[in-house]
Amino acid sequence: MDAPDTRSLPANAYTELKAGEAYQPPVPATESVPEATWRSVGWGLFLCVVFTIASAYSGLKVGQVMEAAIPISILAIGLARVYQRRSTLLENVIITGVGGVSGSLVAGASSRCRRSTS
């Protein structure tokens, strides 16, 4: 059984460009697409808080923290389907970028805790 074709990039993204052919990016520079909206920043902050708490707990309990950027990016794509207007690629990047700071917060806090107890 053949797998369905789930490619969402332009056809020339998967092949070598011919001489004189120009690549068409998924988000053209001429379009004005929502990027840093209240929704994307709000969800990013919420996911940052949730994953910061989870990583801190994991770090204190087990001694190893997790990088949250991949789960946050998966959740960002899932959250895009909740709203009537679907999120754009750029909004998902903002959610992942803001939410991914959670790993840095935990790493900074844990190094600060180690330094103060030494």
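Please refer to the structure placed before this passage.
Enquirer: Outline the nonpolar core, listing residues and values.
Expert: If you look at the biggest cluster of nonpolar residues, it comprises seven residues: Leu47, Phe51, Ala68, Ile72, Ala76, Leu79 and Ile95. Those elements giving two or more residues to this core turn out to be helix H1 (38-61) and helix H2 (69-79). Broken down by element, this core gets its largest block of residues, three residues, from H2.

Enquirer: Give a detailed account of H2, specifying residues and quantitative values.
Expert: Regarding H2, the residues found buried are Ile72, Ala76 and Leu79. With its buried residues spanning 65° around the axis, H2 presents them on a single face. H2 presents Ile70 and Ile74 as exposed residues on the side facing more than 90 degrees away from its buried surface. Its buried side turned inward, H2 meets H1 and helix H3 (89-99).

Enquirer: Lay out the environment of Ala36 in plain terms, naming residues and giving numbers.
Expert: Positionally, Ala36 belongs in the segment before H1. For Ala36, a relative accessible area of 59% gives the class exposed. Expressed as a C-alpha distance, the spacing of Ala36 and Glu91, which sit 55 residues apart in the sequence, is 6.3 Å.

Enquirer: How would you summarise the pattern of salt bridges if you had to cite specific residues and measurements?
Expert: What the rule picks out here adds up to one salt bridge. Among the salt bridges present, the one from Arg39 reaches Glu91, with a minimum N-O distance of 3.4 Å. Of this pair, Arg39 sits in helix H1 while Glu91 sits in helix H3, and the two are 52 residues apart along the sequence. On the basis of relative accessibility, which here comes to 17%, the residue Arg39 falls in the buried class. Residue classification places Glu91 among the buried positions, given a relative accessible area of 0%.

Enquirer: Report on the packing of H2 against H3, specifying residues and quantitative values.
Expert: The N-to-C vectors of H2 and H3 enclose an angle of 145°; their axes lie 9 Å apart at closest approach. As for the relative orientation of H2 and H3, their crossing is right-handed in sense. Taking contact as the criterion, the partners of Ala69, Ile72, Ser73, Ala76 and Ile77 in H2 are, on H3, Asn92, Ile95, Thr96 and Gly99.

Conventions we followed
Residues numbered from 1 in each chain as written. Predicted model: local features only at pLDDT ≥ 70, side-chain atom pairs only at ≥ 80, totals over all residues. Heavy atoms only, no water. Core = buried A, V, L, I, M, F, W, Y, C linked by side-chain atoms within 4.5 Å. Buried < 20%, exposed > 50% of the residue type's maximum accessible area, 1.4 Å probe, protein only. Helix = DSSP H or I, 4+ residues; strand = E, 2+ residues; numbered from the N terminus. Arc of directions from axis to C-beta. Contact = heavy atoms within 4.5 Å. Salt bridge = Lys/Arg side-chain N within 4 Å of Asp/Glu carboxyl O. Axes fitted to C-alpha atoms, helices over the stretch in contact; angles between N-to-C directions. Left-handed = near helix turned anticlockwise from the far one by under 90°.

Fair warning: the whole summary comes from geometry, so function is off the table for now.
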